[in-house]
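Chain and residue survey
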Amino acid sequence: MALHLAHSPCPNDTFIYHAWTSGLVEGPATRLTFADIDVTNSACARGEFDVAKVSYAALPHLGDEWRLLPAGGALGRGCGPLVLTGAKGLNALEGAKIAVPSDRSTAYLLFNLWLRELGGPEVSVEVVPFDQIMPAVREGRFDAGLVIHEARFTYGEYGLDKLVDLGEWWESSTGAPIPLGAIVAKAHLDTEAITAAIRASLDYAWANPEASRDYVAAHAQEMSPDVCRQHIELYVNEFSRDLGDEGRTAIERLLGGAAELGLVPQLRLAIP
């Protein structure tokens, strides 16, 4: 039976997984569902899918029926989420209405850690699909928006201003890279074979970038070729192939620190 794999249609994910899901490398057969990370975060908490891309911030909410895999995710530097404001700016965060892509995303967790450092101003948040956040802020429906992915390349086109780069804030505060998206698999599956397939798919993509170009573009939600390229270059790196000691330390620092503050439960999944 084919593994039910779920990941976003974003260029970094389609670039990494194209060769595996297209049968260009050896690995378990797959059945692919494209899903926003807010969907996979909640779906995996309900036990859905076999393999999925979720936020690192969602890991403490998953039980021991899942395993974190050491490959295929998104972790790096200079790739953090941004808090954006409209043309009129934002004089104070107190009482602000803010659009966020998920209440279990790493972006939202970093946002809450940043608010703690500011003294904990009271804000209201609403979960909005990430591709709708910048238009909503531009239209004045929100005072600010928490954005991820390619928005860091395109927010100027919406007439928005950057209030804070939470990636820069995290890196300057901790010296650690940012754990954004994780790959999890059901514990009863052959996780070594799945990890091997992910690495083979990524190696194929790096060696044959033209092979996935049309596939990536077809799912990139009207993104320009230049933005697609920048997106892949930023979010696909050596951490995508293996977390390494630096990646594991960053995960422990983020989730351990957040658990101490009561923002997430204690992590039950082992970090491979």
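Above this text is the structure in question.
The structure presented is a predicted model; accordingly, all values stated were derived computationally and were not measured.

**Structural notes on the overall build of the protein**
The helix and strand tally for the protein stands at eleven helices and eleven strands. Dimensions of the protein, computed from C-alpha atoms along their principal axes, come out at roughly 55 × 40 × 30 Å. Here the protein, with 272 residues, has 54% of them falling under the buried criterion. Counted over contacts in the protein with a minimum sequence separation of 6, partners at least 24 positions apart contribute 81%. Surface summary for the protein: the accessible area is close to 11,800 Å², and the carbon and sulfur share equals 48%.

**Quick word on the nonpolar core**
Ranked by internal contacts, the top residues of the largest apolar core, which has 54 residues, are Leu 59, Phe 111 and Trp 114. Ranked by residues supplied to this core, first place goes to helix α3 (residues 106-117) with eight residues. Residues contacting Trp 114, with those up to four places away along its chain left out, are Val 83, Leu 93, Leu 163, Val 164, Leu 166 and Trp 169. Ala 19, Leu 69, Leu 189 and Ala 197 belong to the second-largest nonpolar core, a separate cluster that totals 26 residues.

**Overview of the environment of Ala 259**
In this structure, Ala 259 sits in helix α11 (residues 244-260). Overall, the relative accessible area of 12% leaves Ala 259 in the buried class. Linking Ala 259 and Pro 60, residues 199 residues apart in sequence, is a C-alpha distance of 8.7 Å. Filtering out sequence-adjacent residues up to four positions away, Ala 259 remains in contact with Val 264, Pro 265 and Gln 266.

**Thoughts on the pairing of strand β7 (residues 97-100)**
Strand direction decides the pairing type here: β7 and strand β8 (residues 124-127), joined by four bridges, are parallel. Bridge pairing in β8 links Ile 98 to Val 125. For the segment spanning β7, α3 and β8, crossover handedness is right-handed. Two elements, β7 and strand β9 (residues 144-147), share two bridges in a ladder whose sense is parallel.

**Here's the deal with the packing of aromatic side chains**
The final tally for this structure, using the stated rule, is three aromatic pairs. Plain terms: the ring middles of Tyr 17 and Trp 20 are 6.3 Å apart, the flat faces sit at 40 degrees to each other, and that makes the pair tilted. Highlighted residues: Tyr 17 and Trp 20, both in helix α1 (residues 11-21), separated by three residues, approximately one helical turn. Considered together, Tyr 17 and Trp 20 belong to a single accessibility category, that of buried residues. Judged by centre distance (6.3 Å) and plane angle (25 degrees), the ring pair of Tyr 108 and Phe 111 falls under stacked. Here Tyr 108 pairs with Phe 111, and both are found in helix α3, just three residues apart, close to one helical turn. Exposure class is identical for Tyr 108 and Phe 111. Each is buried. Of note, Lys 97 hangs over the ring of Phe 142, and the distance from its end group to the ring centre comes to 5.1 Å. One Lys or Arg, Lys 186, reaches over the ring of Trp 66 and ends 5.2 Å from the middle of that ring.

Cut-off values and rules
- Residues numbered from 1 in each chain as written.
- Predicted model: local features only at pLDDT ≥ 70, side-chain atom pairs only at ≥ 80, totals over all residues.
- Heavy atoms only, no water.
- Helix = DSSP H or I, 4+ residues; strand = E, 2+ residues; numbered from the N terminus.
- Buried < 20%, exposed > 50% of the residue type's maximum accessible area, 1.4 Å probe, protein only.
- Contact = heavy atoms within 4.5 Å.
- Areas by Shrake-Rupley, 256 points an atom, 1.4 Å probe, with all protein chains shown as cover.
- Core = buried A, V, L, I, M, F, W, Y, C linked by side-chain atoms within 4.5 Å.
- Pairing = 2+ DSSP bridges.
- Right-handed = clockwise from strand over helix to strand, strands pointing away.
- Phe/Tyr/Trp six-rings, centres within 6.5 Å; stacked < 30°, edge-to-face > 60°.
- Lys NZ or Arg CZ within 6 Å of the ring centre and 35° of its normal.

It is worth stressing that arrangement in space is one thing and function is another; only the former is reported here.
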